[in-house]
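# Tertiary structure, described
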Amino acid sequence: MTDNRNSEAAWAYHEATKHSYLSIRTNPHLLDWANQPLPFKIYPTLERLRLPGEVRPTGIAALSAIAESVPADTVAVPDLRGVAQLLYLSAGITRHRKYPGGEIYFRAAACTGALYEVELYLVCGDLANLEAGLYNFAPAEFGLRRLRVGDYRAVLVEATAAEPAIAHAPVVVACTCIYWRNAWKYQARTYRHFGWDNGTVLANLLAVATALGLPAKVVCGFQDAEVNRLLDVDPQREVAFSLVALGHISALPPQPPSEIFPLGPETVPPSRREVDYPLMREMHAASFLHTADEVHRWRGGTPLTTFRPPADEVIELRPLSDAEMPHDPIEQVILRRGSTRKFARAPISLAQLSTMLDRATPGVPADFLDPPGAQLNQIYLFVHAVEGLESGAYVFYRDRGVLESLKLGNFRAQAGHLGLDQELAADAAVDIFFLADLRPILQRFGNRGYRAVQLEAGVIGGKLYLGAYAQHLGATGLTFYDDEVTRFFSPHAADKSAIFFVAVGRSVKAKG
């Protein structure tokens, strides 16, 4: 049995999966297109429950939905249509594109390589038009497949050591990640992507929950083996990564109708063969929580991240007011969101950048972020083309709503290099990097803190995506040369690690 408190596993994984100019160019890995895994989990013998397909107008602006949350004790229960809307706008198929040799089904949330390794399961009591049960969401057919009959929410209450949000939630979404589906391309670095890609899904899910009037909370403190057993996943291939409590009722769930026996339903193999990268599985296993006491110790107590106070001269952000901001509803923005493939070297306004940062960073409702508004990551920026702001490198202080200039100049070439020598990073109006001091995070949370810091960055990055598209801009997530990012933003970023990277700007529309 591994000990989460021994954070050597997280440090070893982090160091071993860093990108460098040399590591990228000496990696012999080639994509085996004939063995690309399916982007869907398919249960061929289980009957599908079709979900209602109509997206109901919420009337809630995207820029409001990503910044706000519903009070935790607000009594609210989604019906089947609400559940369908939550799932579709978080992980549903929103468009597809054909290409020689196949087609890509794009989902509602951004994902590394469009490989979509995140699966969603629904654990619920009786809802209007939906019986209690454990369900897997099937985006390819837009339906649910029931794995267990009856109300199993009490299993999650026990697994989370009676986390109040889970105990009073009529619906819990369990997010799992499938190793091979992402590792086919990204190898052992996949475990970082679990946090990023689960995070962008959660950004959508939290925003839509707010728009539907549902309290929502991300829960990462749970006994992994118990949740994996309930979901009937093979932890060598698929693992529970996060839970989301949705809605609130006063009553506690009843005891589960039966013991948790293995189900073993047939699933379609994802590809002819799988290649194992033990490092990512070892990292995840080292973060397991095994007892209720470990789960209790996990909750809250976010380490006070030592963000150096800003200099005397700072630039105050000027976000748009509620009256001034675009009011495109959250469902409309999600449906038009994509991942920009080419940026025009055209400026955005300081108000647009300010609004993105202001609306994306009020805090994530999560059990590892307490008090509310606590943060693990700090945001650093390359500003290339923002009207009213000199080009250069900056750091963002969320609590004061200001930017501090670290160095001025045209750094497009440097940004392009740091983004794995990609034109997207050089052409964007702004490159937004997430960096974190892992030392206090791993000391407080153990190896599981690595899961938390990646997930927080993914959620905020997902909100930045939505904040950009709500203002008719474009965005894309990129990867990076880890240590070179830290060196560029040092001495301010000394001792921090690069976690995530989102580029924002004006998209060039594809021809044809």
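So, a few notes on the structure that sits alongside this text. (Residues numbered from 1 in each chain as written. Predicted model: local features only at pLDDT ≥ 70, side-chain atom pairs only at ≥ 80, totals over all residues. Heavy atoms only, no water.)

## Brief notes about the pattern of salt bridges
Under the counting rule described, the total for this entry stands at 28 salt bridges. Between arginine 281 and aspartate 276 there is a salt bridge whose closest N-O contact spans 2.5 Å. Note on aspartate 276: relative accessible area 43%, which makes it partly exposed. Each of Glu15, Lys18 and Asp483 takes part in salt bridges that share partners, so that together they form one network. (Salt bridge = Lys/Arg side-chain N within 4 Å of Asp/Glu carboxyl O. Buried < 20%, exposed > 50% of the residue type's maximum accessible area, 1.4 Å probe, protein only.)

## Quick word on the nonpolar core
One finds Ile330, Phe368, Leu381 and Phe434 to be the most contacted residues of the largest nonpolar core, which totals 144 residues. With 13 residues, the top contributor of residues to this core is helix H17 (residues 448–470). Listed in part, the 24 residues of the second largest apolar core include Tyr121, Val123, Val155 and Ala240. (Core = buried A, V, L, I, M, F, W, Y, C linked by side-chain atoms within 4.5 Å. Helix = DSSP H or I, 4+ residues; strand = E, 2+ residues; numbered from the N terminus.)

## Concerning unusual backbone geometry
Following aspartate 370, the chain continues into proline 371 via a peptide bond in cis, with omega recorded as 10 degrees. With respect to the helices and strands, proline 371 occurs in the loop between helix H13 (350–360) and strand E13 (378–383). Residues other than glycine seldom take positive phi values, yet asparagine 129 does so here, at roughly 75 degrees. When you line up the elements, asparagine 129 lands in the loop between strand E4 (118–124) and strand E5 (133–138). The backbone of phenylalanine 142 shows a phi angle near 45 degrees, a positive value even though the residue is not glycine. Within the secondary structure, phenylalanine 142 is located in the loop between E5 and strand E6 (143–149). Classification of phenylalanine 142 by relative accessible area gives buried; the value is 16%.

## Focus on the pairing of E13
Taking burial as the measure, the six residues of E13 include six buried ones, the bulk of the element. One ladder, built from six bridges, connects E13 with strand E17 (residues 430–436); its direction is antiparallel. By the bridge assignment, valine 383 is partnered in E17 with valine 430. Across five bridges, the pairing between E13 and strand E15 (residues 392–397) is antiparallel. Bridge pairing in E15 links isoleucine 379 to phenylalanine 396. (Pairing = 2+ DSSP bridges.)

## So, the environment of proline 326
With respect to the secondary-structure elements, proline 326 resides in the loop between strand E10 (315–316) and helix H12 (330–336). In this structure, the C-alpha to C-alpha distance between proline 326 and leucine 63, residues 263 residues apart in sequence, is 7.7 Å.

## Focus: the sheet that holds E5
Taken in spatial order, the seven strands line up as E1-E6-E5-E4-E7-E9-E8 in an open sheet, and their pairing is antiparallel. Sheet topology places strand E1 (48–50) and strand E8 (216–219) at the edges, where each strand pairs with a single neighbour. Neighbouring strand axes in the sheet, compared pairwise and without regard to direction, differ in orientation by 30 degrees on average. Where helix H7 (residues 179–186) meets the sheet, it contacts E4, strand E7 (171–178) and strand E9 (238–246), and its direction lies at approximately 40 degrees from that of E7. (Axes fitted to C-alpha atoms, helices over the stretch in contact; angles between N-to-C directions. Contact = heavy atoms within 4.5 Å.)

## Some words on a nonpolar patch on the surface
Together, Leu38, Ile42 and Val268 make up a nonpolar patch on the protein surface, roughly 180 Å² of accessible area in all. Mapped onto the fold, isoleucine 42 is located in the loop between helix H2 (21–26) and E1. (Patch = residues over 30% accessible without salt bridge, like charges linked within 9 Å, V, L, I, M, F, W, Y side chains within 5 Å. Areas by Shrake-Rupley, 256 points an atom, 1.4 Å probe, with all protein chains shown as cover.)

## Some details on the packing of aromatic side chains
Counted by the stated rule, this structure contains 24 aromatic pairs. With 5.2 Å between their ring centres and 70 degrees between their planes, tryptophan 33 and tryptophan 184 make a pair best called edge-to-face. Of this pair, tryptophan 33 sits in the loop between H2 and E1 while tryptophan 184 sits in helix H7; the two residues are 151 residues apart in sequence, bridging distant segments of the chain. Residue tryptophan 33 is classed as exposed on the basis of its relative accessible area, which comes to 56%. Judged by its relative accessible area of 3%, tryptophan 184 falls in the buried class. Measuring from centroid to centroid gives 5.3 Å for phenylalanine 488 and phenylalanine 489, while their planes differ by 85 degrees, and the two rings are edge-to-face. Three or more aromatic residues joined by ring pairs make a cluster, and in this case those are Tyr380, Phe382, Phe411, Phe433, Phe488, Phe489 and Phe501. Above the plane of the ring of phenylalanine 488 lies lysine 407, whose end atom (NZ or CZ) is 4.0 Å from the centre. (Phe/Tyr/Trp six-rings, centres within 6.5 Å; stacked < 30°, edge-to-face > 60°. Lys NZ or Arg CZ within 6 Å of the ring centre and 35° of its normal.)

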